[in-house]
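Report on the structure
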Amino acid sequence: MRATPINMAGGVRAENVPDPVMKNPTDALVRVVRSCVCGSDLWPYASKPQGEHGDRIEHEFLGVVEDNGAEVSQISCGDLVVAPFISSPAASSTAPWT
């Protein structure tokens with residue numbers, strides 16, 4: 001799949017990355033059809049120290065559910081979903097450059 005990691009200030013590029021896999025029965029795989037840059041993406045864009053691997057940006061997106069785990073009950077394959085910042089994985093983690 002394609003993603004936009006940032007590995008240093010101003011260092012954003014689209015590149016091929018491994019396809020995601022479901023790890024937990026509460027996971028869902030979503031094919032992203034549109035994404036956007038969030039204000040939180042601008043902080044590392046301006047100041048992230050150079051690193052060996054990039055951190056993904058554009059965590060706010062619109063997508064289609066491709067697969068979901070056994071414990072997922074509120075969405076189904078084929079559903080159109082929105083992932084706003086407040087519910088994205090990046091919203092619950094601490095960025096390594098802060």
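A brief structural summary. (Residues numbered from 1 in each chain as written. Predicted model: local features only at pLDDT ≥ 70, side-chain atom pairs only at ≥ 80, totals over all residues. Heavy atoms only, no water.)

Some details on the overall build of the protein chain
Across its full length, the protein chain carries 1 helix and 7 strands. Mapped from its N terminus to its C terminus, the protein chain presents α and β elements in the order β-β-β-β-α-β-β-β. Considering the protein chain as a whole, with its 98 residues, one finds that 24% of them fall into the buried category. In the protein chain, the proportion of contacts linking residues at least 24 apart, taken out of those at least 6 apart, comes to 58%. In the structure as shown, the protein chain presents an accessible area of about 6700 Å², 55% of it carried by carbon and sulfur atoms. (Helix = DSSP H or I, 4+ residues; strand = E, 2+ residues; numbered from the N terminus. Buried < 20%, exposed > 50% of the residue type's maximum accessible area, 1.4 Å probe, protein only. Contact = heavy atoms within 4.5 Å. Areas by Shrake-Rupley, 256 points an atom, 1.4 Å probe, with all protein chains shown as cover.)

Considering the environment of Pro84
As for its position among the elements, Pro84 is in the segment after β7 (80–83). Overall, the relative accessible area of 36% leaves Pro84 in the partly exposed class. Between the alpha carbons of Pro84 and Phe61 there is a distance of 6.9 Å; along the sequence they are 23 residues apart.

Focus: the side chain of Asn68
Mapped onto the elements of the fold, Asn68 is located in strand β6 (residues 60–68). Polar contacts involving the side chain of Asn68 include one to the main-chain carbonyl oxygen of Ile75, which spans 2.7 Å. Setting aside its immediate chain neighbours within four residues, Asn68 contacts Met22, Asp27, Ala28, Ile75, Ser76 and Cys77. (Polar contact = N/O pair within 3.5 Å; in protein donor to acceptor, adjacent residues only side chain to side chain.)

Details of the pattern of salt bridges
A complete count under the given rule lists 2 salt bridges for this structure. The residue Glu15 makes a salt bridge to Arg13 at a minimum N-O spacing of 3.1 Å. For Glu15, a relative accessible area of 26% corresponds to the partly exposed category. In this structure, the salt-bridge partner of Glu66 is Arg31, at a minimum N-O distance of 2.8 Å. One end of the pair, Glu66, is in strand β6; the other, Arg31, is in strand β4 (residues 28–36), and 35 residues separate them in sequence. (Salt bridge = Lys/Arg side-chain N within 4 Å of Asp/Glu carboxyl O.)

Quick look at the pairing of β7
Burial along β7 is one-sided: Val81 and Ala83 are buried, while Leu80 and Val82, pointing the other way, are not. In this structure, β6 lies alongside β7, joined through 4 bridges in antiparallel fashion. Bridge pairing in β7 links Phe61 to Ala83. (Pairing = 2+ DSSP bridges.)

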